[in-house]
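Structural overview
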Amino acid sequence: MLNVLKIALRNLARFGRRTLLTSTLITLGIVSVLLFVAVAGSFKAMMISQFTDAVLGHLEIHRKGYVASIDTLPLNLNMKPAAVERVEQALKKLDAVEAYSTRVKIGAMFSNFTETSSIRVNGIDPQAEVATTPMLPGRIVDGDKQGLVLKRGEILVPQLLARGMKVKVGDTIVLVATNRDGSVNGKTFTVRGIVESVTGPSGRDGYIQIDDARELLRMKETEVSEIAVRLKNPAQLDQVYAQLSKELSGTAGKGGNAGTAATANQSGNAGPAGTAGKGGGNGGGLEVHTWAQLSPFASIARMIDLLTLFIKIMLVSIVLVSVMNVMIMAVYERIREIGTISAIGTPPRKILSLFLAEGLLLGVGGTALGTAIALAAIYALNIWKITFNFGQSKGLILSPAIGAADVLIVAAMVVIVALLASLQPAWKASRMDPVTALGHV
């Protein structure tokens, strides 16, 4: 076998220009694909984190029908204390869960005593919320970021509303909200900070403490609108989704009466790095939703995966055409040579292995060089710190990275395709009649 590889290498060297052009084409294809996979994967992960780490969490649990009516923030679809306790018990039993946060969501009127506007408000437990959405403190563009992000009687105002209403840190504002019974209540708050917006659902919401929210709504019970969940490893999203859906199958939305069938909300998958579960799981009155179901940008994540697949298909096509073209020309130009070695007793399998070895060396050489260049380019991109803006977020740093599995898959794919592209020309060469080949002009 070693002798076959040596002869194949010599034959490739004999046609150095053609070999160089083919190897260069394979190398450029490898570099392009690996760079695209690294950059696209980094952008996808960053885009997803803008929602999961800043607003949504990886999973959210609601009472059945709440998400379908989320634009109106229906207070009559809040989870009752018994249901909340059941959910918390289920979450505490899952080792994959890193943190969770209970929220009360309110639609209210926001007044600075001279102007009034509408606002969506999240009532949160500050410590739990920061553990679940760790990017929240970083979204505070003006105000005190030290210690708790919120105290009782304080509010984080969305940046766009603060600009429009000319509200600054330290100002006093009033929130006016209507509770489930239809009565109106108001409460004054001190502006603790201005929080930048995030493109997507809940991206322009304000924040107050959950006890303030319940006081504003005059809640008699510790109701919850939703529970956001953060996982230790986002790759476990599908597994946790299935476990939670099964665990909550007997939990009713009104505090313990099971039996209400929840309709599954079918939505596409996306993975992490961008992995998302299937549609909303029904849980006897509760629904479990993945971030992909709650964010319209999940379709962009799927599009990135689709583009990556198309790029890989293009690479396979390039390698297939280029290697097959080279090997066909090699067989055509060396017909008399093939006839000579066949006439002196070289078996067909030896001739077949010789041409297959040439295709293999082309694939391996181009792949090795392309991989080395691509990894060097990825390293350089991380040194240069490419920054870009995404939606309302400014100055995001792109950190391209590629896993060993992706590199091995792309490399193996190229080498295998190069070998397969050599098969037909090699088979033709091994089946040539020596007399006819020697007489070829």
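Predicted, not measured: the structure shown is a model, and the values here were computed from it.

This brings us to the overall build of the chain. Within the chain, the regular secondary structure consists of 13 helices and 13 strands. Scored against the burial criterion, the 441 residues of the chain give a buried share of 49%. Partitioning the contacts of the chain with sequence separation of at least 6, the portion at a separation of at least 24 is 79%. If you sum the accessible surface of the chain, you get close to 20,400 Å²; carbon and sulfur atoms cover 60% of it.

Attention now goes to the pattern of salt bridges. Using the criterion set out here, one finds 17 salt bridges in the structure. We note a salt bridge from Lys-80 to Glu-221, for which the minimum N-O separation is 3.6 Å. Taken together, the residues span a long stretch of sequence, with Lys-80 in the loop between β1 (59–63) and α3 (81–92) and Glu-221 in the loop between α6 (210–216) and β9 (226–231) at a distance of 141 residues. The partner of Glu-247 in a salt bridge is Lys-93, and the shortest N-O contact between them spans 2.8 Å. Of this pair, Glu-247 sits in helix α7 (residues 237–247) while Lys-93 sits in the loop between α3 and β2 (97–111), placing them 154 residues apart in sequence. Given the relative accessible area of 56%, Lys-93 is considered exposed. Linked through salt bridges whose partners overlap, the residues forming this network are Glu-60, Arg-103, Lys-105, Arg-120, Glu-129, Asp-205 and Glu-226.

Right, let's talk about a nonpolar patch on the surface for a bit. Judged by side-chain polarity, Met-303, Leu-306, Leu-307, Leu-309, Phe-310 and Ile-313 come together as a nonpolar surface patch covering roughly 560 Å² of accessible area. Structurally, Leu-309 is set in helix α9 (residues 298–333).

A few words now on the environment of Gly-57. Within the secondary structure layout, Gly-57 lies in the loop between α2 (16–56) and β1. For the pair formed by Gly-57 and Ile-227, sequence separation is 170 residues and the distance between their alpha carbons is 9.3 Å. Ignoring anything within four residues of it in the chain, the contact list for Gly-57 reads Phe-51, Thr-52, Thr-133, Val-229 and Trp-291.

Let's shift gears to α3. Look at α3: 16 Å from first C-alpha to last across 12 residues, which is about the 16 Å you get at 1.5 Å a residue. For α3, the full list of buried residues reads Ala-83, Val-84, Val-87, Ala-90 and Leu-91. Axial view of α3: buried residues confined to an arc of 125°, hence all on one face. In this structure, the buried residues of α3 make contact with β1, β2, β9, α7 and β11 (286–290).

With the rule as written, the count across this model stands at 0 aromatic pairs. One Lys or Arg, Lys-187, reaches over the ring of Phe-189 and ends 5.8 Å from the middle of that ring.

Among the structural elements, Glu-129 can be located in helix α4 (residues 126–132). Residues in contact with Glu-129, not counting those within four places in the same chain, are Val-55, Ser-101, Arg-103, Ile-124, Leu-136 and Tyr-207.

This paragraph deals with unusual backbone geometry. Note: most peptide bonds trans; most residues except glycine with negative phi. Backbone geometry places Phe-113, a non-glycine residue, at a positive phi of 80°. Structurally, the position occupied by Phe-113 is in the loop between β2 and β3 (116–124). Its identity as a non-glycine residue notwithstanding, Lys-166 has a phi of 55°, on the positive side. By relative accessible area, Lys-166 is classed as exposed at 63%.

Next up on the list: the nonpolar core. Leu-59, Ile-61, Met-79, Leu-91, Ile-227, Leu-244 and Trp-291 are the most contacted members of the largest nonpolar core, which has 36 residues in total. Elements represented by at least two residues in this core include exactly α2, β1, α3, β9, α7, β11, α8 (291–294) and α9. Ranked by the residues each element gives to this core, the list is headed by α2, at 6 residues. Ile-26, Val-326, Ile-335 and Val-414 belong to the second largest nonpolar core, which has 33 residues in total.

Before going further, it helps to examine the confidence of the model for the chain. On average, residues of the chain score 82 in pLDDT, and 87% of them reach the 70 mark or higher. At the low end of the mean pLDDT range in the chain sits strand β10 (residues 281–282), at 47; at the high end sits β9, at 95.

Here the focus is helix α12 (residues 404–430). Turn by turn, an α-helix covers 3.6 residues, leaving residues three or four places apart pointing in a common direction. With 27 residues, α12 ought to run about 39 Å at 1.5 Å a step, and its terminal C-alpha atoms sit 38 Å apart, in line with that. Along its length, α12 shows its largest kink, about 35°, at Leu-423, and proline Pro-425 lies within four residues downstream of that point.

Turning next to the side chain of Thr-102. Tracing the backbone shows Thr-102 in strand β2. The class for Thr-102 is buried, based on a relative accessible area of 13%. Setting aside residues up to four positions removed in sequence, Thr-102 forms contacts with Val-84, Glu-88, Gly-123, Ile-124, Asp-125, Ile-210, Val-224, Glu-226 and Ile-227.

Looking at chain direction, β2 and β3 are connected through 9 bridges and run antiparallel. Bridge pairing in β3 links Val-104 to Gly-123. Connecting the antiparallel pair β2 and β3 is a turn made up of 4 residues, with Phe-113 showing a positive phi of about 80°. Relative to strand β8 (residues 206–209), β3 is paired through 4 bridges, and the arrangement is parallel. Bridge pairing in β8 places Ile-124 opposite Gln-209.

Criteria and cut-off values
- Residues numbered from 1 in each chain as written.
- Predicted model: local features only at pLDDT ≥ 70, side-chain atom pairs only at ≥ 80, totals over all residues.
- Heavy atoms only, no water.
- Helix = DSSP H or I, 4+ residues; strand = E, 2+ residues; numbered from the N terminus.
- Buried < 20%, exposed > 50% of the residue type's maximum accessible area, 1.4 Å probe, protein only.
- Contact = heavy atoms within 4.5 Å.
- Areas by Shrake-Rupley, 256 points an atom, 1.4 Å probe, with all protein chains shown as cover.
- Salt bridge = Lys/Arg side-chain N within 4 Å of Asp/Glu carboxyl O.
- Patch = residues over 30% accessible without salt bridge, like charges linked within 9 Å, V, L, I, M, F, W, Y side chains within 5 Å.
- Expected span 1.5 Å × (residues − 1).
- Arc of directions from axis to C-beta.
- Phe/Tyr/Trp six-rings, centres within 6.5 Å; stacked < 30°, edge-to-face > 60°.
- Lys NZ or Arg CZ within 6 Å of the ring centre and 35° of its normal.
- Core = buried A, V, L, I, M, F, W, Y, C linked by side-chain atoms within 4.5 Å.
- pLDDT = per-residue confidence, 0-100.
- Bend = angle between axes of the 7 residues up to and from the residue.
- Pairing = 2+ DSSP bridges.

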